[in-house]
Amino acid sequence: MTDPFASFDASVPFDTSHSSDPSLEFDESITFADVDPGEDQRWSTWPAITPSERGPAPWPDWVVTSAGAIDTELGVLKTGKEADVFLIERAVPDSPTERTLLAAKRYRSPEHRSFHRSGIYTEGRSVQKSRDARALAKKTAFGREVAAAEWSFAEFDALSRMWQLGAPVPYPVQVNGTELLMEFIGTDATAAPRLAQVRGDRAVLADRFAQVVEIMHVFAGAGFAHGDLSPYNLLVHDGRVRVIDLPQIVDIIANPQGLDLLHRDCVNVCEWFARRRVECDAEDLFAELMAASYA
């Protein structure tokens, strides 16, 4: 079996001498740990990626940026049709304050996915590099590599945008090829439950519905729809609803199917809550979000 952690040579200095951003300067005082990564471990990939592949600044205090940190794979959080999510601890050995848990979402190459996302999600999007676009169109070996990373970068961009708008999404720590590292939502090493798993009386569920509507307003106000919203990609942690799985986020205007996908989100959400005796109307919600998107 291929080692899920590609090796990273921590002895190679990370050159940021030409960076104009002081936050990106390399700390020459760093000394690497007197240990080598063991099984299911690697050196932190943070120093090796470009600044554009890191989450939006200011970085949360819990983000570990030390080049001496080690990533340890702790197990599988979720398996899916096109990506699997793993639990990672990023920590500096012998430093109790420099450690954090991350969710590592790894997208499979197209030939290894059991589900291929519909083209309706990508309508209105463009591939910036002409070389990549040609490779995708011709389905070359390089094109398959581009396709494998396409969704990880799409989700990273969506999470970054929504985080900056104040939506309750996991903070996107970094993206590197087909791997997206983001904030782990849970307690200790136990992931937060999905909304579909949560039980509560009508008052509790009404509060959850209000939070979901607020999330949808943030998306619509920025001109977007989640595109695949359901109780299975909404988490509940410490009483707050968090939204996940954003690679298919759609521009309501640029995507010809945008309004249909927004309407589908409204129907999916309202049908689930209505079955639990929460008063809601999908058409009224759709009208609200339409107004918010054109405000």
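Up top you'll find the structure we're talking about.
Model, not experiment: these values are computed from the prediction. (Residues numbered from 1 in each chain as written. Predicted model: local features only at pLDDT ≥ 70, side-chain atom pairs only at ≥ 80, totals over all residues. Heavy atoms only, no water.)

Draft legend 1. Representation of the sheet that holds strand β4 (residues 99–107) within the structure. Here six strands make up an open sheet; going across it, the order is β1-β2-β3-β4-β6-β5 and the pairing antiparallel. Edge positions in the sheet fall to β1 (41–43) and β5 (172–176), since each of these pairs with one other strand and no more. For this sheet, the mean angle separating the axes of adjacent strands, direction not counted, is 30°. (Pairing = 2+ DSSP bridges. Helix = DSSP H or I, 4+ residues; strand = E, 2+ residues; numbered from the N terminus. Axes fitted to C-alpha atoms, helices over the stretch in contact; angles between N-to-C directions.)

Draft legend 2. The arrangement of the environment of Ala292 in detail. Relative to the elements of secondary structure, Ala292 occurs in helix α5 (residues 282–293). Taking C-alpha positions, Ala292 is 8.4 Å from Gly223, a pair spaced 69 residues apart along the chain.

Draft legend 3. Inspection of a negative patch on the surface at higher detail. On the surface, a cluster of negative charge is made up of Asp281, Glu283, Asp284 and Glu288. With respect to the helices and strands, the residue Glu288 is situated in helix α5. (Patch = residues over 30% accessible without salt bridge, like charges linked within 9 Å, V, L, I, M, F, W, Y side chains within 5 Å. Areas by Shrake-Rupley, 256 points an atom, 1.4 Å probe, with all protein chains shown as cover. Salt bridge = Lys/Arg side-chain N within 4 Å of Asp/Glu carboxyl O. Lys, Arg positive; Asp, Glu negative; His and termini not counted. Charge placed at Lys NZ, Arg CZ, Asp CG, Glu CD.)

Draft legend 4. A look at the environment of Cys266. Mapped onto the elements of the fold, Cys266 is located in helix α4 (residues 258–274). On the basis of relative accessibility, which here comes to 0%, the residue Cys266 falls in the buried class. Separated by 21 residues in the primary sequence, Cys266 and Ala287 have C-alpha atoms spaced 9.8 Å apart. Those residues within four positions of Cys266 in sequence are excluded, and the remaining contacts are Met216, Ala282, Leu285, Phe286 and Leu289. (Buried < 20%, exposed > 50% of the residue type's maximum accessible area, 1.4 Å probe, protein only. Contact = heavy atoms within 4.5 Å.)

Draft legend 5. Molecular detail of the pattern of salt bridges. In total, this model carries 11 salt bridges according to the counting rule given. Across the salt bridge formed by Arg90 and Asp71, the nearest N and O atoms sit 2.7 Å from each other. You can see Arg90 sitting in strand β3 (residues 83–91) and its partner Asp71 sitting in strand β2 (residues 70–79), a full 19 residues away along the chain. Owing to a relative accessible area of 1%, Arg90 belongs among the buried residues under this scheme.

Draft legend 6. Layout of the packing of helix α3 (residues 202–221) against α5. Where α3 meets α5, the closest approach of the two axes is 8 Å, and the angle between their N-to-C directions is 35°. Seen from above, α3 lies across α5 with right-handed handedness. Between α3, through Val213, Met216, His217, Ala220 and Gly221, and α5, the contact on the second element is made entirely by Leu285, Glu288, Leu289, Ala292 and Ser293. For the contact of α3 with α5, the per-class residue count stands at six nonpolar, three polar and one charged. (Left-handed = near helix turned anticlockwise from the far one by under 90°. Nonpolar A, V, L, I, M, F, W, Y, C, P; charged D, E, K, R; others polar.)

Draft legend 7. Spotlight on the nonpolar core. Of all hydrophobic cores here, the largest spans 45 residues; its most connected members are Met162, Val212, Met216, Phe219, Val243, Leu246 and Phe273. Listed by contribution, the elements that provide at least two residues to this core are α2 (141–164), β6 (179–183), α3, β9 (224–225), β10 (234–237), β11 (240–243), α4 and α5. The biggest single contributor to this core is α3, with eight residues. Among all residues touching Met162, those that are not within four sequence positions of it are Ala167, Val169, Phe219, Ala222, Phe224, Leu246 and Ile249. Membership of the second largest hydrophobic core comes to nine residues, among which are Ile88, Leu102, Tyr171 and Val173. (Core = buried A, V, L, I, M, F, W, Y, C linked by side-chain atoms within 4.5 Å.)

Draft legend 8. Highlighting the packing of aromatic side chains. What the rule picks out here adds up to five aromatic pairs. With a centroid separation of 6.0 Å and an interplanar angle of 90°, the aromatic rings of Trp62 and Tyr171 are classed as edge-to-face. Here Tyr171 lies in the loop between α2 and β5 and Trp62 lies in the loop between β1 and β2, a separation of 109 residues in the sequence. Overall, Trp62 belongs to the partly exposed group, its relative accessible area being 29%. Consider the rings of Trp163 and Tyr171, whose centres lie 4.9 Å apart with planes at 70°: the pair is edge-to-face. The rings of Trp62, Trp163 and Tyr171 are connected pair by pair, giving a single aromatic cluster. In this structure, Arg106 packs its charged tip against the face of Phe86, placed 4.4 Å from the ring centre. (Phe/Tyr/Trp six-rings, centres within 6.5 Å; stacked < 30°, edge-to-face > 60°. Lys NZ or Arg CZ within 6 Å of the ring centre and 35° of its normal.)

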